[in-house]
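Descriptive structure summary
So the chains spell out like this:
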Amino acid sequence: VTIRQKVAELSPNDSRTHLALGIALESAGKEADAILEYKKALELNPLSIDASYNLAFLYILNKRFSDAESELERLKKLNSRWADQLKRLLSMLRR
């Protein structure tokens, strides 16, 4: 992750770099840091389907259901099929 973090420092305005760093952090079990990177990726590119999906998914896994619902609204505008899949997961976990 440290190499990716260095790349993000060198390319602070590249949404793809923050997305990649978020994925690496999530894989390393650093979900809170991954959430920050996905949010940064979306700040730089609000149309990033991957960042929105990953962020919504992490919110669901961390039982941050209201945050997940908000992110799912954004995702629905970008890709309704992916949003519908996550909404089903959210619905199952809320029971």
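Anything mentioned here points back to the structure above.
Quick look at the structure, then. No experiment lies behind these values; they were computed from the predicted model shown. (Residues numbered from 1 in each chain as written. Predicted model: local features only at pLDDT ≥ 70, side-chain atom pairs only at ≥ 80, totals over all residues. Heavy atoms only, no water.)

1. A closer look at the packing of aromatic side chains
- All told, the structure shown has two aromatic pairs when counted by the stated rule.
- Each ring, one from tyrosine 53 and one from tryptophan 82, has its centre 5.0 Å from the other, and the planes form 65 degrees; the classification is edge-to-face. In this pair, tyrosine 53 is assigned in helix 4 (residues 49-61) and tryptophan 82 in helix 6 (residues 80-94), connecting sequence segments 29 residues apart.
- Residue tyrosine 53 is classed as partly exposed on the basis of its relative accessible area of 23%.
- Among the aromatic side chains, those forming a connected cluster through ring pairs are Tyr53, Phe57 and Trp82. (Phe/Tyr/Trp six-rings, centres within 6.5 Å; stacked < 30°, edge-to-face > 60°. Helix = DSSP H or I, 4+ residues; strand = E, 2+ residues; numbered from the N terminus. Buried < 20%, exposed > 50% of the residue type's maximum accessible area, 1.4 Å probe, protein only.)

2. Here's the deal with the nonpolar core
- In this structure, Tyr38, Leu55, Leu72 and Leu86 are the most contacted members of the largest nonpolar core, which totals 22 residues.
- Going through the elements one at a time, helix 2 (15-27), helix 3 (31-44), helix 4, helix 5 (65-78) and helix 6 are the ones with two or more residues in this core.
- Among the elements that take part in this core, helix 4 stands out by supplying six residues, more than any other.
- Ignoring any residue separated from it by four or fewer positions in sequence, one finds tyrosine 38 in contact with Leu19, Gly22, Ile23, Glu26, Ala51, Asn54, Leu55 and Leu58. (Core = buried A, V, L, I, M, F, W, Y, C linked by side-chain atoms within 4.5 Å. Contact = heavy atoms within 4.5 Å.)

3. Some remarks on the environment of alanine 41
- Here alanine 41 shows up in helix 3.
- When the C-alpha atoms of alanine 41 and serine 15 are compared, they prove to be 4.3 Å apart, with 26 residues separating the residues in sequence.
- With residues up to four places along the chain from it excluded, the contact list for alanine 41 reads Ser15, His18, Leu19 and Ala51.

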